[in-house]
Every structure is written in structure tokens, then in C-alpha cells.
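# Descriptive analysis of the structure
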Amino acid sequence: MNVGALEAFGLVVRRELCLSFRRPDQLLQPLVFFLIVTTLFPLGLSLQLSLLRDMAPGVLWVAALLSSLLSLDALFKSDADDGTLEQLALSGQGLTLIVVAKTFAHWLVTGAALVLVSPIVGTALGIPGSAFATMMLSLGLGTLTLSWLGAIGAGLTVGLRRGNVLLSLIVLPLAMPLLIFGAGATDRAISGVSATGALYFLAALCVFTCTLAPFAATVALRITLE
Amino acid sequence: MNATADGLSVEKVHVWRGDRHVLKGVSLNLGPRQLLHVSGPNGTGKTTLLRVVCGLLRPEQGLVSWLGTSIASVRTEYQATLAYASHEPALKADLTALENLRFAVGLKRRVTVDELRSCLERTGVAVCADLPARVLSAGQRRRVAMARVLAMNASLWLLDEPFTNLDGAGADLMSGLLQSHVEQGGAALVVAHHDLKIDVDMRRLDLGP
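Here the structure is a predicted model, which is why all the values come from computation and not from measurement.

### Some remarks on the overall build of chain B
On a plain count of helices and strands, chain B comes out with six helices and nine strands. Expressed as lengths along the three principal axes of its C-alpha atoms, the size of chain B is roughly 45 × 35 × 35 Å. Here chain B holds 209 residues, and 44% of them are scored as buried.

Next comes the structure, spelled out in C-alpha cells:
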């Protein structure tokens with residue numbers, strides 16, 4: 001009769017995806033932001049492909065970080081506002097499982113979607129096709145790590161009315177290593193050098209946050225639920 | 001007789017919210033086939049007491065136990081056995097009534113769509129099953145929230161102002177549901193302002209100033 005953890009995980013992910021697709025505006029907002037910001041850079045710079053190519057990894061990564069941050073605020077807030085977060089917390093499934101499922105679903109509709117459109121942006125910024133695989137892999141690892149970091153920040157700020165500014169202040173400093181190694185990996189791939197070292201470091205950060213951030217986010221959320 | 005072994009017991013619970021001493025040593029016992037009516041003026045900590053009882057809020061002092069064990073040590077298992085209805089209906093506006101029930105109840109127990117539909121029918125909102133919660137009236141939302149409590153099959157009901165927004169027929173229905181829950185061996189803790197007309201073993205806890 002009882003519901004297993006895996007089943008509950010699937011149910012919460014389905015719930016989140018269902019909610020996201022009912023509000024396409026919120027789904028598309030970060031993606032459109034990502035596309036627009038990266039298109040603005042070439043317009044503001046001189047028309048030298050070599051200069052653009054040098055700047056591309058940084059531009060790509062800063063835009064990815066900022067657009068992921070846009071939607072993080074809503075991760076727990078909408079559920080906290082309408083009272084469904086309490087129902088989830090009392091579901092008898094353990095809050096950590098709920099946090100993991102919600103964060104994973106959030107990554108699917110923001111981070112994973114961003115990875116999928118990144119080749120378009122890459123082409124616009126003059127990144128060669130040979131570097132796309134590394135770029136997408138590094139973005140995938142980076143956005144997943146950022147979602148976990150963001151879950152801690154969102155858990156801490158869910159009770160505040162203007163929490164999104166504080167959320168950026170909490171999350172962005174923690175995201176610096178991501179920017180350094182993510183942009184580094186993309187840069188190396190563009191110049192045709194092996195990016196394995198940077199990718200390993202990103203993967204290590206991803207594993208680190210995947211294993212510890214859910215517990216930190218749960219504690220943060222429990223404090224704000226009180 | 002130890003009344004704590006077969007139900008809920010709250011012993012001398014103190015809660016401060018900032019500087020305010022909200023709950024000043026509240027104690028209560030609630031066993032199966034019993035209903036406890038918590039009343040009191042606004043701001044006397046009725047909702048706070050309910051949040052303490054369901055384990056969302058940890059009291060600064062005192063003990064809440066279920067079946068003789070402190071709920072702090074069996075929180076998840078304990079929460080699986082209770083159904084809590086807060087004073088807001090807690091429905092996602094973008095999901096239909098049925099989806100709301102499926103995602104909330106589905107975490108507690110395996111449940112079929114037919115079962116959920118019959119619960120919505122019992123609370124008189126079967127016609128709203130496939131409408132998004134945003135188009136429902138406040139009373140209809142309350143009934144959907146009540147259907148969620150029914151569908152959870154929980155032995156302990158914790159209801160915060162369940163009669164708000166309900167019309168006369170809705171209030172009678174609500175009383176009837178509470179009565180049959182308690183008669184079938186369940187326990188219920190109900191926060192309400194007015195007198196309850198339910199023919200069961202009912203006690204009253206007044207959280208006066």
C-alpha cells in the first residue's frame with residue numbers, strides 16, 4: 001500500500017513537469033533570455049570573428065548562469081505561497097526526496113533545455129562545431145551543479161518577499177568555480193586542446209553538490225517552513 | 001490509564017514566535033474514536049498548535065507523541081498516517097482538481113483515479129474534477145481539499161477551520177464526514193470558531209488568552 005521512494009520521486013517529477021508545461025511563459029523565459037543576451041554581445045563588439053571567438057566561452061557561460069538564476073527563485077516559492085509545500089512536507093516521503101525530485105525537474109526544464117539550444121548560440125558566437133560536444137557536456141554538468149547550489153539558496157530565501165536578489169548574492173559567488181572551469185573547458189575545446197582536466201573538475205563539483213546539497217537544502221527549507 | 005499509548009498526546013508544549021509566547025504549556029490527549037475541538041479567539045495559537053501537532057513546527061519545550069513514541073523520532077512514518085488540511089486549500093491553480101488530488105495523495109498511498117473521483121463525489125464536487133483549480137470558487141476549493149483528506153485514508157485528521165467558505169449544505173456534509181471518520185475508529189483534531197454539532201465522543205480545548 002505504501003508508496004516507494006522511486007515511485008514518489010517519479011510522481012513529484014511528473015507534477016513539476018506538468019506544472020511547467022501549463023505555464024509556457026515561465027518555461028521559455030530563461031531560454032529566450034539566454035538567446036537574447038548572447039545575441040547582444042556580437043552586436044556590441046566590433047565585427048571581428050577572432051575577437052568574438054575569444055570571448056565566446058565567457059559570454060556563453062555568464063549568460064547560462066544568469067538565465068538559470070532567473071527561474072531558481074520559483075523553485076520552492078510558488079509551492080510555499082499556495083500551501084502545497086506543507087502538503088509535500090507532510091506526505092510521509094521525507095523532505096529530502098521531495099527536494100531532490102523538485103530540483104531535478106527544475107534542471108530538466110531549465111538546464112537541460114539550455115544545453116539543447118546551446119549549439120545555436122555557439123554557432124552565432126563563432127564556436128567551431130568540433131567544440132560543441134565539450135561545450136554541451138560542460139554546460140550540462142555546470143547547470144546541474146548550479147541547480148543544486150540554487151536549491152540551497154532557494155530554500156533559505158523562500159520565506160522572504162524579495163528573496164531573488166539575496167538568492168543571487170548567495171548563489172553567484174558559489175558559482176565562480178563553475179564559470180572558471182566551464183569557460184576554461186569550452187575555451188580549450190575551441191583551440192583544439194584536450195579539455196579533460198576541466199571537465200573532470202566540473203564533474204567533481206557536480207558529484208559534490210549532488211550528494212551534499214539536497215541535505216543542506218532540506219535543512220534550509222525545514223527552517224523556513226517553521 | 002495511559003491515554004498516550006493508542007493515540008496522540010501533547011504534553012506541556014511551549015512555543016515562542018519571536019518575543020511572543022504563543023503556546024503556554026498546552027496539553028491534550030486524543031485517542032481513536034475521539035474528536036477534539038480546539039477553539040479560542042484569533043491569535044491564540046490554534047494554527048500554531050496544529051503545526052506543532054503535525055510536526056512542521058518544533059516546540060521549544062514539551063513533547064508531542066503518537067502511539068507512545070515522540071514524533072520527532074518517527075516524523076516521516078507519523079506524517080504518513082495523518083491528513084492535514086491547512087486554512088488555505090493548498091491546491092495548485094494550474095492543475096485540475098483531480099490532478100491536485102493525484103499528486104498529493106499519490107505520495108501517501110497507491111490510489112486509482114476512480115477512487116479519487118469517488119472522493120470528489122462524496123464531497124459534492126465531482127463536476128469540478130477536470131477543471132483547473134483556478135476557476136473553482138472558494139467553497140469548491142475547500143471541498144476539493146476535503147476530498148484530499150478523505151482520499152488519504154489517514155487515521156488522524158488535523159483540520160484547520162474546515163468550515164470556512166462552506167455553505168449550509170457544505171457544513172452539514174463536513175460534519176457528516178467527520179462523524180463517520182470518528183465512528184469508523186479515526187481521530188480528528190478540528191480547529192473551529194463555532195460550536196460543532198457532531199454526535200461523537202467530542203471534547204473541547206479552549207485556548208483562551
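Still more to cover.
### A short note on the overall build of chain A
For chain A, the count of helices and strands is ten helices and zero strands. Ordered by position from N to C terminus, the α and β elements of chain A give α-α-α-α-α-α-α-α-α-α. A compact globule built from 226 residues would reach a C-alpha radius of gyration of about 17 Å, and chain A, at 18 Å, matches this within 12%. Sorting the 226 residues of chain A into buried and exposed places 47% on the buried side. In chain A, of all internal contacts separated by at least 6 residues, the share reaching a separation of at least 24 is 80%.

### What about helix H3 (residues 49-72) of chain A?
Residues and elements named next belong to chain A. Helix length check: H3 (24 residues) gives 34 Å between terminal C-alpha atoms against 34 Å at 1.5 Å per residue, within 8%. The principal kink in H3, of about 45°, is found at Met55, preceding the proline Pro57 by one to four residues. Turning to H3, its buried residues number three or more, namely Ala56, Pro57, Leu60, Trp61, Ala63, Ala64, Leu65, Ser67, Ser68, Leu69, Ser71 and Leu72. Lining the buried residues of H3 we find helix H2 (24-44), helix H4 (74-82), helix H6 (95-124), helix H7 (132-157), helix H8 (163-174) and helix H9 (176-190).

### What to know about the domain arrangement of chain B
Residues and elements named next belong to chain B. On domain assignment, one finds that chain B holds domain 1 (1-81 + 157-209) and domain 2 (88-154). Each of domain 1 and domain 2 has a C-alpha centre, and the two are 23 Å apart. Taken together, the contacts link twelve residues of domain 1 with eleven residues of domain 2. A per-class count over the side of domain 1 that touches domain 2 returns seven nonpolar, four polar and one charged.

### Topic: the environment of Arg222 of chain A
All names here are of chain A. Looking at where Arg222 falls in the secondary structure, it is placed in helix H10 (residues 196-225). According to the C-beta neighbour criterion, Arg222 is partly exposed, with 16 such atoms within 10 Å. Along the primary structure Arg222 and Leu95 are separated by 127 residues, whereas in three dimensions their C-alpha atoms are 8.2 Å apart.

### Quick word on the sheet that holds strand S9 (residues 202-206) of chain B
All names here are of chain B. Ordered by their spatial adjacency, five strands build an open sheet running S6-S7-S8-S3-S9, and the pairing between neighbours is parallel. Only two strands of the sheet have a single neighbouring strand rather than two, namely strand S6 (82-85) and S9. Strand-to-strand twist across the sheet, computed as the mean angle between neighbouring axes with direction ignored, equals 15°. Both strand S7 (residues 156-160) and strand S8 (residues 187-191) contribute to a ladder of five bridges, which runs parallel. Looking at S8, one finds that Trp157 is bridged to Ala188. Running over the sheet, helix H6 (residues 168-183) touches strand S3 (34-39), S7 and S8 and is turned about 150° from S8.

### Looking at the packing of H6 of chain A against H7 of chain A
Residues and elements named next belong to chain A. Between H6 and H7, the shortest axis-to-axis distance is 9 Å and the interhelical angle comes to 150°. The pairing of H6 with H7 is recorded here as roughly antiparallel in orientation. The two elements H6 and H7 meet at a crossing, and its hand is right-handed. Every residue of H7 that contacts H6 at Val99, Thr103, His106, Trp107, Gly111, Leu114, Val115, Ser118, Pro119 and Gly122 is listed here: Phe132, Met135, Met136, Leu139, Gly140, Thr143, Leu144, Ser147, Trp148 and Ala151. When the residues that make up the contact of H6 with H7 are grouped by side-chain class, the tally is twelve nonpolar, eight polar and no charged.

### Some words on unusual backbone geometry
All names here are of chain B. The backbone phi angle of Lys12 is positive, close to 45°, even though this residue is not glycine. The residue Ala90 is not glycine, and still its phi comes out positive at about 55°. In this fold, Ala90 is placed in the loop between S6 and helix H3 (97-105).

### Digging into the nonpolar core
Note that soluble globular proteins tend to have their nonpolar side chains buried in a common cluster. One finds Val53, Val144 and Leu158 of chain B to be the most contacted residues of the largest nonpolar core, which totals 128 residues. Ranked by residue count, the leading element in this core is H6 of chain A, at twelve residues. The residue makeup of this core includes at least three contributed by each of domain 1 (1-81 + 157-209) and domain 2 (88-154) of chain B.

### Quick notes on the interface of chain A and chain B
Between chain A and chain B, the contact holds 23 residues from the first and 25 residues from the second. Sorting the residues of the side of chain A that touches chain B by element identifies helix H1 (5-22) and helix H5 (84-89) of chain A as the ones contributing at least two each. The greatest single-element share of the side of chain A that touches chain B, amounting to six residues, is contributed by H1 of chain A. Its residues placed into classes, the side of chain A that touches chain B shows nine nonpolar, eight polar and six charged.

### Things to note about the environment of Glu77 of chain B
All names here are of chain B. Following the sequence through the fold, Glu77 ends up in helix H2 (residues 75-80). Taking the number of C-beta atoms within 10 Å as the measure of exposure, Glu77 has 14 and is therefore partly exposed. Expressed as a C-alpha distance, the spacing of Glu77 and Leu67, which sit ten residues apart in the sequence, is 12 Å.

### Quick word on H8 of chain A
Residues and elements named next belong to chain A. With twelve residues, H8 should cover 16 Å at 1.5 Å per step; its first-to-last C-alpha distance of 17 Å lies within 8% of that length. Within H8, the full set of buried residues consists of Leu167, Ser168 and Val171. Down the axis, H8 shows its buried residues gathered within 100° of arc, on one side only. Away from the buried face of H8 by more than 90 degrees, exposed residues Val165, Leu169 and Pro173 are located. Looking at the packing, one finds that the buried side of H8 touches H3 and H7.

### Considerations on the sheet that holds strand S2 (residues 20-30) of chain B
Residues and elements named next belong to chain B. In space, the four strands of this open sheet follow the order S2-S1-S4-S5, with antiparallel pairing throughout. The two strands at the open ends of the sheet, each matched to only one other strand, are S2 and strand S5 (69-70). Across five bridges, the pairing between strand S1 (residues 8-17) and strand S4 (residues 61-66) is antiparallel. Looking at S4, one finds that Ser9 is bridged to Ser65. Its contacts with the sheet put helix H1 (residues 46-53) on S1, S2 and S4, and the angle it makes with S1 is roughly 125°.

What counts as what
Residues numbered from 1 in each chain as written. Chains lettered and ligands numbered in written order. Predicted model: local features only at pLDDT ≥ 70, side-chain atom pairs only at ≥ 80, totals over all residues. Helix = DSSP H or I, 4+ residues; strand = E, 2+ residues; numbered from the N terminus. Buried ≥ 20, exposed ≤ 12 C-beta atoms within 10 Å, placed from the backbone. Rg over C-alpha atoms; globule rule 2.2 N^0.38 Å. Contact = placed C-beta atoms within 7 Å. Expected span 1.5 Å × (residues − 1). Bend = angle between axes of the 7 residues up to and from the residue. Domains from an automatic or database assignment. Nonpolar A, V, L, I, M, F, W, Y, C, P; charged D, E, K, R; others polar. Pairing = 2+ DSSP bridges. Axes fitted to C-alpha atoms, helices over the stretch in contact; angles between N-to-C directions. Parallel < 35°, antiparallel > 145°, perpendicular 65-115°, else oblique. Left-handed = near helix turned anticlockwise from the far one by under 90°. Core = buried A, V, L, I, M, F, W, Y, C linked by C-beta atoms within 7 Å. Arc of directions from axis to C-beta.

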